[in-house]
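What follows is each chain in one-letter form.
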Amino acid sequence: MASPALRELAKKLYYCEHCGLCRSVCPILRQSSQEESVGPRGRKTLFLGLAEGQLNPSPALAEKFYLCATCRACYFKCPAGIDIGEFSILARHELVKAQAVSPFVRRVTSSVRGGVTRGDIFGAARTKAKWSRGLDIPGNGETLFFASCMDSSMAYGEALLGLLQLPLRIGERLVSASGTLQSIGLYHLFESAAQGSLRFYRNALVDSVKSLQILGVDVAYMRDEEPCCGVALHTYGLVDEFSEHARKVQKIFAEKGVKRLITHNPICGAAFKTLYPQFVKDWNIEVKHVTEVVAEKMSEHDLRFPSKKTTVTYHDPCFLARYMNVVEEPRTILKRMENIQLVEPPHSKVDTYCDGGGGVELLYPDVCQDIAESRVKELVSTGAEKIVSCCPVCALMLKEGIRKAGVKAQYADIMTLFYEAAKSVHR
Amino acid sequence: MHLRAGDPSVIEEIVQRLVRVVGQRNVLSSPEDLYPYSMDASLEYRAMPSLVVRPCTPEEVVEIVTLANKEKIPVVARGGGTNFVGGVVPVRSGIVLDLTRMNKILEISRTDLRCDVEPGVIHGDLEKELGKSGLFWPPDPGSSESCTIGGVLSTNAGGMRALKYGTARDWILGLQVVLPNGEMIRTGARTLKSNVGYDLTRLIVGSEGTLGVITEASLKVRPAPETTSRLSAFFNEMEKAGAAVAKIFESGVTPVIVELMDRNVIRAANEWLHLGLPDAEASMLIDLDGTKEEVEYTAKKVEHILTEAGATDVQRAASKEEMEQLYLIRREGQIALPRLTGKMTMPHDFCVPLSKLPEALRKVQELAEKWKMPVAILSHAGDGNVHPIFSVDVTDSSEIKRARELNKEICMMALDLGGTVSGEHGIGIDKAELMEHECGEDSLRVMRSIKRAFDPNNIMNPGKMAV
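Because the structure is a prediction, the values reported are computed rather than measured.

Moving on, we come to the interface of chain A and chain B. Taken together, the contact pairs 26 residues of chain A with 29 residues of chain B. Elements with a minimum of two residues in the side of chain A that touches chain B: α3 (40-51) and α4 (59-66) of chain A. Tallying contributions element by element places α3(A) first for the side of chain A that touches chain B, with four residues. Broken down by class, the residue content of the side of chain A that touches chain B amounts to 10 nonpolar, 12 polar and four charged.

Structural data, given as structure tokens:
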């Protein structure tokens, strides 16, 4: 494994002074009683061991790298500027190539590969555009609303996370087979059984689009033709396949004349904004999160909307704050909604604390759920009645955390709050 | 029995016995679990442990150490792993005792000015908790957010506030220690004064894990000062900055910290923190504490001295946020150096009498030029402690060799000036030879007999210091 290419990549790790500042912010490490190999500094050492040929590729080694939430907390803390999340992905890439991953990781990566190709990582491509029925929204335009499969199908994710808690690893097998189950039509059963959950995630999309329309922002939506951004390929270490997929997506957007993307899901947004420029030559599509567009319009026209009296706390999704650099805009929206009192949690903005999402919650549900619970406890310590955020994966994890912590607070998407307030004025 | 990696049957038997003590989850033996424990912040020293054991109680430590002593297995106690001299690298393999699970603050007594802690408590966490009671523990190593109290005590760490308040040895009342034979003893007392027999507490503090494992500590704490003021100043010449330090002390003021940073550190801090600091030859950071009236009076006095001494830009932090930002320049500037150099940083350490500080700073620069090594300078200037920070390409073995030679010459220069080879980083592997130079054979003989009395089987952190 000590290839010259890997050694070259590892060179930046020699910048690390081993100061351990990264250890003080890693959510996974805190949940794993400070064990060195589980934290960012340990992952740095392990990457060096792999690159220098001191450690052999193995599923046990791979597990250390798959345990990274890629939340970038350590990167923002590191004076030397080392992004251990990036190295975790590189290590996954090497270890997948060397077939040194566990059978479960292999099954999940295979499932992800199939899902991305079909247009939906949960294998629910046939129903992913269902949320837009009844909306007056064109199929083509320069500005696309990129709905993402995570938003439209996150209810499947919620169900899968539930399945993983079943005994005898039944869940693992079902998760691995989810793509197949979807393709043989099981999603019909799921659609009827999980209406509430599906509606919850899909509403965030509906409310995003309706809000943009109220504010006079014209967007198009590709519906069933919308490609998957492929970020899950990257997350699980299928970097070459992600690169190839990204080029295909660029071609699709070019053919449609797309110049601007507005996403609700910051994970896809981060992929388009930070990964695509690295992997795709001449990527020149502007990428914005829906809260950026809404906040811009509110400030431009000095808009304020009356809302129900409530105290909210805002959870900054890692991918929005630390990859897309969006921290003030959601606060602008909340502060311009009258009667809403915004209280900040101890960890906020770029110092936010991961809620256990980030792509590996299906691999390590126990660890990730504990992180979610701990984040929820911190958020409700502010006395807020509602936890507000704007990411489908954070929604999934925070709802899970609320359930585990047994607290009264409710989760609400920021665009749902906004639309509820804006529509009453706009009518 | 010499437990080494690659001795599977022996390891397996020991593992089973240790598992009965701490549980399966807390005995680590796979290569990917062990490898991250093969190094500390010295980075150039590496050695694989045979096992890592993660106890949770003093009683578990007793059982582990008893077993290790019986089987003559080396034991290396480890906290945050931020040591710069290879102090927790298991050079003779054996067991690394990871104490980070023993992380409870047991008691904070405002009346007794005492705080009892387990060794794995993170320094920064303790600082926050004490702050809630209006207290503080003065030692403040730069690695506060990641180092543990056990590590701070074992290395007698100091930090920036050492100028006014001294090092860890000055702020300890008593210890609970598991000796190499597995016996647990208590040293010192829980009172603010005690004068009973040999001072085992202060012998064990700073002994770098060679005499036993600290399993609990009673720290002497003090009420936090009413207010602290932070000043910053920039100089066009390093010597002028050095002279300003002397003038501050001559005026009768005792600051809490007086930190000196050279142009390289300022540039690196600018790169990382985007503060737009002036591109000066040297920067100084000064903290003053006391009552509001005292601080206001001394701050004005120091501002005047700095201006008279030729400082180009003297400022007083106006808010808590500004104070924190200034502190970050000092604490994280050096770690950001690779952003500029593209090389690994190797922070070194020596201390000279204050009167020799300007000479020492000049000589470090001359030696750096001689050995063609980029060296940045950080200094706890108020107590004569200097950290030359080397930037080294660790993939180039000749550069590593030059760095070692340069470090040796710098330390010998410090000794020539009546200084010491370590102000606070300690000896570990890195400075064992230099310790011999500094202490001389007679002192070393005494130290070695103390080591033998505590640890006849030489199982506690063997291969460290010169004992």
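All names here are of chain A. In the contact formed by α3 and helix α6 (residues 84-97), the axes pass within 10 Å of each other and the chain directions differ by 40°. By the angle between their axes, α3 is oblique relative to α6. The two elements α3 and α6 meet at a crossing, and its hand is left-handed. Residue-level inspection shows P40, R43, K44, F47 and L50 of α3 in contact with α6, the latter providing I84, F87, S88, A91 and E94.

Our next topic: the sheet that holds strand β3 (residues 286-289) of chain A. Residue and element names in this part refer to chain A. One open sheet holds the three strands; their spatial order is β1-β2-β3, and the pairing between them is parallel. The strands lining the two open edges of the sheet, one partner per strand, are β1 (143-146) and β3. Within this sheet the neighbouring strands show an average axis-to-axis angle of 25°, counted without direction. As paired elements, strand β2 (residues 260-263) and β3 share four bridges and run parallel to each other. Opposite I262, over in β3, you have K288 as the bridge partner. Each of β2 and β3 is contacted by helix α16 (residues 290-300), which is oriented at about 80° to β3, the strand it contacts most.

Turning our attention to the pairing of strand β6 (residues 114-117) of chain B. Residues and elements named next belong to chain B. Only one face of β6 is covered, namely the one carrying C115 and V117; the face carrying R114 and D116 has none of its residues buried. Here strand β5 (residues 105-109) folds back onto β6, and the loop between the two strands holds four residues, one of which, L113, carries a positive phi near 50°. The sheet contact formed by β6 and strand β10 (residues 213-220) spans four bridges and is antiparallel. Counted as the bridge partner of D116 is S218 from β10.

Right, let's talk about the domain arrangement of chain A for a bit. Residue and element names in this part refer to chain A. On domain assignment, one finds that chain A holds domain 1 (4-101), domain 2 (118-292) and domain 3 (302-426). Residue-level contacts link 11 residues of domain 1 with 14 residues of domain 3. Elements represented by at least two residues in the side of domain 1 that touches domain 3 include exactly α2 (27-31) and α5 (73-77). At three residues, the largest contribution of residues to the side of domain 1 that touches domain 3 is made by α2. Taken together, the residues of the side of domain 1 that touches domain 3 break down into eight nonpolar, two polar and one charged.

So, about the nonpolar core. Residues V75(B) and L97(B) are the most contacted members of the largest nonpolar core, which totals 272 residues. The contact partners of V75(B), leaving out residues within four places of it in the chain, are V65(B), A68(B), G94(B), I95(B), L97(B), I459(B) and M460(B).

This brings us to the environment of R107(A). Residues and elements named next belong to chain A. Among the secondary structure elements, R107 is positioned in helix α7 (residues 103-118). Residue R107 is classed as partly exposed on the basis of its 17 C-beta neighbours within 10 Å. Separated by 200 residues in sequence, R107 and S307 place their C-alpha atoms 46 Å apart.

Reading the values: rules and limits
- Residues numbered from 1 in each chain as written.
- Chains lettered and ligands numbered in written order.
- Predicted model: local features only at pLDDT ≥ 70, side-chain atom pairs only at ≥ 80, totals over all residues.
- Contact = placed C-beta atoms within 7 Å.
- Helix = DSSP H or I, 4+ residues; strand = E, 2+ residues; numbered from the N terminus.
- Nonpolar A, V, L, I, M, F, W, Y, C, P; charged D, E, K, R; others polar.
- Axes fitted to C-alpha atoms, helices over the stretch in contact; angles between N-to-C directions.
- Parallel < 35°, antiparallel > 145°, perpendicular 65-115°, else oblique.
- Left-handed = near helix turned anticlockwise from the far one by under 90°.
- Pairing = 2+ DSSP bridges.
- Buried ≥ 20, exposed ≤ 12 C-beta atoms within 10 Å, placed from the backbone.
- Domains from an automatic or database assignment.
- Core = buried A, V, L, I, M, F, W, Y, C linked by C-beta atoms within 7 Å.

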